[in-house]
Amino acid sequence: MPDLNEILKAALGLDRHDRARLADELLASLDGLPEEEVERLWADEAERRLEEFRAGRISAVPAEKVAQKARRLIR
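As the structure is a computational prediction, the values presented were derived from the model and not from experiment. (Residues numbered from 1 in each chain as written. Predicted model: local features only at pLDDT ≥ 70, side-chain atom pairs only at ≥ 80, totals over all residues. Heavy atoms only, no water.)

A.B. asks: Lay out the overall build of the protein chain with the relevant residues and their values.
C.D. replies: Within the protein chain one finds four helices and zero strands. Ordered by position from N to C terminus, the α and β elements of the protein chain give α-α-α-α. Relative to the 2.2 N^0.38 estimate, which gives 11 Å for 75 residues, the radius of gyration of the protein chain is 15 Å and therefore markedly larger than a compact globule would have. Summarising its shape, the C-alpha atoms of the protein chain cover approximately 35 × 30 × 30 Å along the three principal directions. Relative to its full complement of 75 residues, the protein chain shows a buried share of 4%. Carbon together with sulfur atoms contributes 57% to the accessible area of the protein chain, which is approximately 7000 Å² in total. (Helix = DSSP H or I, 4+ residues; strand = E, 2+ residues; numbered from the N terminus. Rg over C-alpha atoms; globule rule 2.2 N^0.38 Å. Buried < 20%, exposed > 50% of the residue type's maximum accessible area, 1.4 Å probe, protein only. Areas by Shrake-Rupley, 256 points an atom, 1.4 Å probe, with all protein chains shown as cover.)

A.B. asks: Got a sec to walk through the pattern of salt bridges? Specific residues and values, please.
C.D. replies: One pass over the structure, following the stated rule, counts six salt bridges. Of the charged contacts in the structure, one is a salt bridge between Arg71 and Glu64, with a shortest N-O distance of 3.0 Å. Overall, Arg71 belongs to the partly exposed group, its relative accessible area being 37%. (Salt bridge = Lys/Arg side-chain N within 4 Å of Asp/Glu carboxyl O.)

A.B. asks: If you had to explain a positive patch on the surface to someone new, which residues and values would you point to?
C.D. replies: Together, Arg16, Arg19, Lys69, Arg72 and Arg75 line one region of the surface with positive charge. If you trace the backbone, Arg75 turns up in the segment after helix H4 (63–74). (Patch = residues over 30% accessible without salt bridge, like charges linked within 9 Å, V, L, I, M, F, W, Y side chains within 5 Å. Lys, Arg positive; Asp, Glu negative; His and termini not counted. Charge placed at Lys NZ, Arg CZ, Asp CG, Glu CD.)

A.B. asks: Give me the lowdown on the confidence of the model for the protein chain, citing residues and values where you can.
C.D. replies: Taken as a whole, the protein chain shows an average pLDDT of 91; of its residues, 100% reach a score of 70 or greater. The spread of mean pLDDT over the elements of the protein chain runs between helix H2 (residues 16–30), the lowest at 90, and helix H3 (residues 35–54), the highest at 93. (pLDDT = per-residue confidence, 0-100.)

A.B. asks: Report on a nonpolar patch on the surface, specifying residues and quantitative values.
C.D. replies: Judged by side-chain polarity, Leu14, Leu22 and Leu26 come together as a nonpolar surface patch covering roughly 230 Å² of accessible area. The residue Leu22 is located in helix H2 in this model. The class for Leu22 is partly exposed, based on a relative accessible area of 33%.

A.B. asks: Let's hear about the environment of Ala11: which residues, and what values?
C.D. replies: Residue placement: Ala11 occurs in helix H1 (residues 4–12). We classify Ala11 as buried; its relative accessible area is 14%. Counting along the chain gives 32 residues from Ala11 to Ala43, while the straight-line C-alpha distance between them is 22 Å. Not counting chain neighbours up to four residues away, the residues in contact with Ala11 comprise Arg19 and Leu22. (Contact = heavy atoms within 4.5 Å.)

Below you can see the structure in the form of structure tokens.
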């Protein structure tokens, strides 16, 4: 079975429509989990992202840039 990094790399290589579909399916798979579990999973993800940032493997994006992109995507 491929590890998470291999799956993530493959998923990021998908076109926008397929990435959105995959994200929707993954989020739907969390439905039914207890709220505490969902919160724990999000906290784990936030910690993972912070570690990636601190290690220099990812960079920060200014909030205004994120907001602009979000506005473009929902139009």
